[in-house]
Amino acid sequence: VQLQAYGGGSVQAGGSLRLSCATSERFFNNYAVGWFRQAPGKEREFVSAISWNGGNTYYADSAKGRFIISRDNAKKTVYLQMNGLKADDTAKYYCAAYNSISTKVSTTADAYHFWGQGTLVTVSS
């Protein structure tokens, strides 16, 4: 499964960005998808995840109330709408996926078998 993340960029604090994670995988609707991020000098961390049908979503505490994850299986794309961006959100954002039709979705990176190349988000204060 090849994933392509895009939509990153440079914004001022308080601004918004929408990240997209696209694939050509035929059975994309059988995959749970997550977003992770890694800031310079820091470990990769979980941001958000969504179940195969979009029925369950998960957020890190840092993302709750500001980020919204969604998916359009017909377009084979998962989105991460990021609002109220802060300087601490500066990182490279990666989308990842694993085959699962469970309503429960993992928030740990080890569960994800397929990873995109990442897209850089820079928030200036």
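Everything below is about the structure printed above this text.
The model shown is predicted, which means the values in this text are computed figures rather than measured ones.

K.L.:
Is there a simple way to explain the pairing of strand 5 (residues 45-50) in this structure?
P.N.:
Note on strand geometry: in a regular strand, side chains alternate between the two faces of the sheet. In terms of residue burial, strand 5 counts as a mostly covered element, since 5 of its 6 residues are buried. One ladder, built from 5 bridges, connects strand 4 (residues 31-38) with strand 5; its direction is antiparallel. Each bridged residue has a counterpart across the sheet, and for Phe-36 the counterpart in strand 5 is Phe-46. The hairpin formed by strand 4 and strand 5 contains 6 residues between the paired strands, and Gly-41 there has a positive phi angle of roughly 80°. As paired elements, strand 5 and strand 6 (residues 57-59) share 3 bridges and run antiparallel to each other. Looking at the pairing, Ile-50 lines up with Thr-57 of strand 6.

K.L.:
Whenever I open this one, the sheet that holds strand 7 (residues 67-72) confuses me. Can you help?
P.N.:
Paired through backbone hydrogen bonds, the strands of a sheet run either parallel or antiparallel to each other. Within the open sheet, the 4 strands sit side by side as 1-3-8-7. Their pairing is antiparallel. At either end of the open sheet lies a strand with only one pairing partner, and these are strand 1 (3-6) and strand 7. On average, each strand axis in the sheet is tilted by 15° relative to the strand beside it, whichever way the strands run. By the bridge criterion, 6 bridges tie strand 7 to strand 8 (residues 77-82) in an arrangement that is antiparallel. Residue pairing for strand 8: Asp-72 is matched across the bridge by Thr-77.

K.L.:
Help me out: how do you make sense of the side chain of Thr-23 in this one?
P.N.:
Along the chain, Thr-23 falls in strand 3 (residues 17-23). Within the structure, Thr-23 has its side chain in polar contact with the backbone oxygen of Gln-2 (distance 2.8 Å). Residue contacts for Thr-23: discarding those within four places in its chain leaves Val-1, Gln-2, Leu-3, Phe-28 and Lys-76.

K.L.:
What should I look at first to understand the state of the cysteines in this one?
P.N.:
By definition, a disulfide is the covalent link that joins the sulfur atoms of two cysteine residues. Counted under the stated rule, the structure contains 1 disulfide. The disulfide that involves Cys-21 links it to Cys-95, with 2.2 Å between the sulfurs. With the S-S bond torsion at 70°, the cross-link from Cys-21 to Cys-95 turns out right-handed. Placement of the pair is Cys-21 in strand 3 and Cys-95 in strand 9 (residues 91-99), with a sequence separation of 74 residues. Owing to a relative accessible area of 0%, Cys-21 belongs among the buried residues under this scheme. Judged by relative accessible area, Cys-95 falls into the buried class, the value being 0%.

K.L.:
Help me understand the nonpolar core in this model?
P.N.:
Considering soluble globular proteins, one finds that nonpolar side chains tend to be buried as a cluster. Grouped together as the largest cluster of nonpolar side chains are 26 residues, with contacts concentrated most on Trp-35, Phe-67, Val-78, Leu-80, Met-82 and Tyr-93. Looking at this core, the elements that each hand over two or more residues are strand 1, strand 3, strand 4, strand 5, strand 7, strand 8, strand 9 and strand 11 (119-124). Ranked by residue count, the leading element in this core is strand 9, at 4 residues. What Val-78 contacts, discounting residues up to four positions off in sequence, is Leu-19, Ser-20, Cys-21, Phe-28, Val-33, Trp-35, Ile-50, Ile-69, Ser-70 and Arg-71. The next biggest cluster of nonpolar side chains, apart from the first, holds 10 residues, and it includes Ala-32, Ala-49, Ala-60 and Ala-109.

Conventions and cut-offs
- Residues numbered from 1 in each chain as written.
- Predicted model: local features only at pLDDT ≥ 70, side-chain atom pairs only at ≥ 80, totals over all residues.
- Heavy atoms only, no water.
- Buried < 20%, exposed > 50% of the residue type's maximum accessible area, 1.4 Å probe, protein only.
- Helix = DSSP H or I, 4+ residues; strand = E, 2+ residues; numbered from the N terminus.
- Pairing = 2+ DSSP bridges.
- Axes fitted to C-alpha atoms, helices over the stretch in contact; angles between N-to-C directions.
- Polar contact = N/O pair within 3.5 Å; in protein donor to acceptor, adjacent residues only side chain to side chain.
- Contact = heavy atoms within 4.5 Å.
- Disulfide = S-S within 2.5 Å.
- Core = buried A, V, L, I, M, F, W, Y, C linked by side-chain atoms within 4.5 Å.

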